[in-house]
Amino acid sequence: MKYRYYALGFTFLLVLAGFINIFFGKGLKLGVDFGGGTLIRVMFKNPVAVSAVRQELSAVGLGNSVIQETGKAGHEFQIRTMQVIKSLDAQQELEAHQKLGDRVIEALKGDDGKTELAQGFKDLNNIDLSNLTALLEKGFSQEAGKIAHEIIAARINIGIFTNYEELRQAGIKPDVISNLKEKTFLGKLTVISRETVGPQAGADLRKKATLAVIWSLVGMLGYIAFRFKLAYGVSAIFTLTQDVLITLSIYSFTNREINLPIIAAFLTIVGFSINDTIVIFDRVRENQKIMRKESLENIMNSSLNMCLGRTIITTGTVFLTVLALFLFGGDVINDFAFCMLIGSIEGVYSTVYLSCPVVLFWQKIFPKTKGFRK
Amino acid sequence: MKKGLRWKIILTLAVLAGCIVISYPIQKKIKLGLDLKGGIHLRMQVITADAANIETDQEILRLQELFKKNNISYTSMTKESPSKFTIQGTNPDQEGKLKDQLDQYLRDWDYSLIGTSISVSLKPLALQALKDQSVEQSVETIRNRIDQFGVAEPIIQRQGREWIIVELPGVDNPEHVQDLIKTVAILEWKLVKAGPAQDEATLLKDFGGKVPDDMEVVKGDPKRRAEGYYLVNKVAAVTGKDLRMVRRSVDEWNNPAVAFQLKPDGARRFEQVTGENIGKPLAIILDKKVQSAPNINARISDSGIIQGNFTIEAADDLVIILKAGSLPASIKTLENRTIGPSLGADSIRAGLLAGLIAILSVMTFMIVYYKMSGVNAIVALILNIILLFGALSYFRATLTLPGIAGIILGIGMAVDANVLIFERIREERALNKSILNSISLGFSRAFSAIFDSNLTTVISAVFLFQFGTGPIKGYAITLIISLAANLFTAVFVSHWIFDATHTKSTQKLSI
């Protein structure tokens, strides 16, 4: 409690730094969900360097796209087109983004497979189930469907076929493989996922996210004010807002984008942080009955110290699980895990150093009776 | 055995058994979200102005016939907007008669007289009803097409006023499906007056370079090898609405084609047109693109084929679209997300790995820090997870990647409750209370804190569910179920396990 002024000062600085960064510096990077645009994930048959990818894209004027390596090193990439397309017609904007996506894919494919396609070969790395079945029907009639299924399953498992050997390793019979070699080729890349969000949809998602955050905060305030005194409710809101702002600030310093899962992460952090805060408030309430003679400040200090062990441990376990998610959970969920990582630490900080001081300040400004509302 | 203990054990075992039975076998029972299974998610907007346009056009035609019948004079009727048109040049002497007619026949329309012009507009309520209906009909038509196409567990839903959400799991050819959905599919047969020509100028050579009032220019569809510009009659002899049956068939060279049969009324018109125009070409037009324009060889009454460079797949698509009927309005895409199955498989693998590591690390910590009581917490944790999967299977809730994250978070929070209780028990022990008393106090004192803290996270999860999209909804659900299960296991089950393993004579409390 002694450090409360330092704590508040530090918080203020952090938030200020974040704001400056957001408005004047790099800014908050809005992901595809909110900012609109296209996000494409591709997997290459053979390893490719990021610079090579950027070169291919620059050749068609898309060099400023954000390219990230994900997953299998050198094979998987995530590309976000950063073209700002301002157009009156929302539909045109979406179509323009889709065309950008097409251009990206074509640029990366280059001339791959053009000769083979002209000769009537099919790309085994991109063919769909029904076409593959049709292809196999001539040689294997009844079994065609089952075999096609197995091949597609193998492809899903491996990601992309680098050579026909992989088919044999997946248990496909040699005569099937030789049949395929005559009719197919292995394309250079495959599109793993593709997401295009038009401006209308982006605006809608932004609105929904904001509503979710506002209502959650309102819900929390109401609940805490109901269970404890108003002063505590206000403190909680203050703390929560700090949580969001601090985490947002720190997040903005990284290169990561803000998408819907990040909003979910914020709300979860808010929920967790409130947990800790409530535990402390609960203890304060209890101690107020026991330690009637002490000042509120001392009661709070003792309560904090009593709960410190517990707070750190529970945050620790959550931190452990989130760490596991961050390190092992794969790329798609990684931004979310990172946000949760920052958030859980930050949540403890805010609970311990901010929640009680705020109540004290409030009470200094609005002195009221000591009782608690049950 | 203590009296109350027996029913507690039985209840717990019953719940456990129930959950295991419901979620077995797990691959089939858990519904996977689009981001884990792969598939396509589309958010589309119905351009309701189209429907209004059609309605206004038809109203103009109806009114024109009405005026003709009643000898009411006017110079022109022009459409101003999708829901408004103006009648110009009326005769002031006929005002009374005019008003009578309009009052009688314009049920859904408002009109106002300004000099010799009348402005007619669709009543707001009628317009809204029309828009709603076009959206509903679009949803139905799309559903129809997708049913025929054959997708397992599709989601086709109206969202808000004019949006439609389509989610098709497991679809591996997204472009194909999108075409299937978005094709408006207005099929028309129109007599060809000139063409095919390289460009419009050549086309209109014999018409003085201008398009006559009762004709229009349409382009050929390059996919059907019907290139070039055609000049056709504006009024269609026969349209898709006259179709009685369509199926895939073959043309005279055994290439795939679409065979059709007309309803009696349409057949009559078809017979008339073909009979009067033998030797001339008749264009078959789909969504303003000429598919083919064969010459009329003989008078045909009720059946024929649509041919022209169709693959089997393309022919099947056309059959699906025609069978389902045309869309009442055009559809535009607002959001388009395609997830390949390998990304989903990767995500599942990663999620399981992270989950396993999370569980193991938490378990290790609990045993190290709380010793034997830690085992108690671990049992509760395992039970928690089984309950979770049971609930997911029972409610047919969808598991998404954020959902898996939610489960992992839930693991961290589940232990939270145990920690609260154990710390409390330790405190009570430090005050030298008896073992049984400490346990009992630990649980009761910690309960309010546990309840409050779980509840607040549930509050934010509820709002996430309300406002979130698919994957986020999945997250919210798993989090809420986790917390609910947690309340059961940490408070109820842990408690009776403690009670069962510690009696009055227990000397040591390993915590």
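Quick caveat: nothing in here was measured; it's all calculated off a predicted structure.

In this section: unusual backbone geometry. All names here are of chain B. Unusually for a residue other than glycine, Ala 185 sits at a positive phi of about 75°. By the element assignment, Ala 185 lies in the loop between α7 (174-182) and β9 (187-197). According to the C-beta neighbour criterion, Ala 185 is buried, with 20 such atoms within 10 Å. For Asn 254, which is not glycine, the phi dihedral falls at a positive 65°. Asn 254 sits in the exposed class, given 7 other C-beta atoms within 10 Å.

What follows covers the packing of helix α12 (residues 401-430) of chain B against helix α14 (residues 470-501) of chain B. All names here are of chain B. Relative to each other, α12 and α14 sit at 25°, their axes nearing to 8 Å. One way to sum up the angle between α12 and α14 is to call them roughly parallel. By crossing handedness, the relation of α12 to α14 is classed as right-handed. For the contact of α12 with α14, a count of residues per class yields 16 nonpolar, nine polar and no charged.

A few words now on the domain arrangement of chain A. Residue and element names in this part refer to chain A. Assigned domains within chain A: domain 1 (4-24 + 198-365), domain 2 (37-110 + 192-197) and domain 3 (120-187). In this complex, domain 2 contributes four residues to the contact, which on the side of domain 3 involves five residues. Its residues placed into classes, the side of domain 2 that touches domain 3 shows one nonpolar, one polar and two charged.

Bringing the interface of chain A and chain B into the picture now. Each partner contributes to the interface: chain A provides 59 residues, whereas chain B provides 55 residues. Looking at the side of chain A that touches chain B, the elements with two or more residues in it are α4 (90-109), α7 (144-158), β6 (189-197), α10 (199-227), α12 (260-290) and α13 (296-328) of chain A. Looking at the side of chain A that touches chain B residue by residue, the classes come out as 31 nonpolar, 20 polar and eight charged. Summarising the sheet, β6(A) and strand β18 (residues 331-339) of chain B pair through five bridges and their orientation is antiparallel. Looking at the pairing, A:Thr196 lines up with B:Asn336 of β18(B).

Topologically, A:Phe228 is positioned in the loop between α10 and α11 (230-253). With 50 residues separating them in the primary sequence, A:Phe228 and A:Ile278 have C-alpha atoms 9.2 Å apart.

Here the focus is the domain arrangement of chain B. Splitting chain B by domain gives domain 1 (3-38 + 342-501), domain 2 (50-126) and domain 3 (183-337). Look at where the C-alpha atoms of domain 2 of chain B and domain 3 of chain B centre, and you get two points 32 Å apart.

Residues and elements named next belong to chain B. Within α7 the residues assigned to the buried category are Pro 174, Val 177, Gln 178, Leu 180 and Ile 181. For α7, the angular spread of the buried residues around the axis is 160°, confining them to a single face. Elements in contact with the buried residues of α7: β2 (39-46), α6 (124-149), β8 (163-169), α10 (312-324) and β18.

Turning our eyes to something else, we now look at the environment of B:Asp317. All names here are of chain B. Here Asp 317 lies in helix α10. Of the residues examined, Asp 317 has 22 C-beta atoms within 10 Å and is grouped as buried. Remark: the alpha-carbon pair of Asp 317 and Ser 361, spanning 44 residues in sequence, is separated by 53 Å.

Between α13(A) and helix α11 (residues 341-394) of chain B, whose axes approach to 8 Å, the crossing angle comes to 150°. When the interaxial angle is binned, α13(A) and α11(B) end up roughly antiparallel. Crossing hand, α13(A) versus α11(B): right-handed. On α11(B), the residues that touch A:Thr317, A:Leu320, A:Thr321, A:Ala324, A:Leu325 and A:Phe328 of α13(A) are B:Ala350, B:Leu353, B:Ala354, B:Ile357, B:Ala358, B:Ser361, B:Val362 and B:Phe365.

Calculation notes
Residues numbered from 1 in each chain as written. Chains lettered and ligands numbered in written order. Predicted model: local features only at pLDDT ≥ 70, side-chain atom pairs only at ≥ 80, totals over all residues. Helix = DSSP H or I, 4+ residues; strand = E, 2+ residues; numbered from the N terminus. Buried ≥ 20, exposed ≤ 12 C-beta atoms within 10 Å, placed from the backbone. Axes fitted to C-alpha atoms, helices over the stretch in contact; angles between N-to-C directions. Parallel < 35°, antiparallel > 145°, perpendicular 65-115°, else oblique. Left-handed = near helix turned anticlockwise from the far one by under 90°. Nonpolar A, V, L, I, M, F, W, Y, C, P; charged D, E, K, R; others polar. Domains from an automatic or database assignment. Contact = placed C-beta atoms within 7 Å. Pairing = 2+ DSSP bridges. Arc of directions from axis to C-beta.

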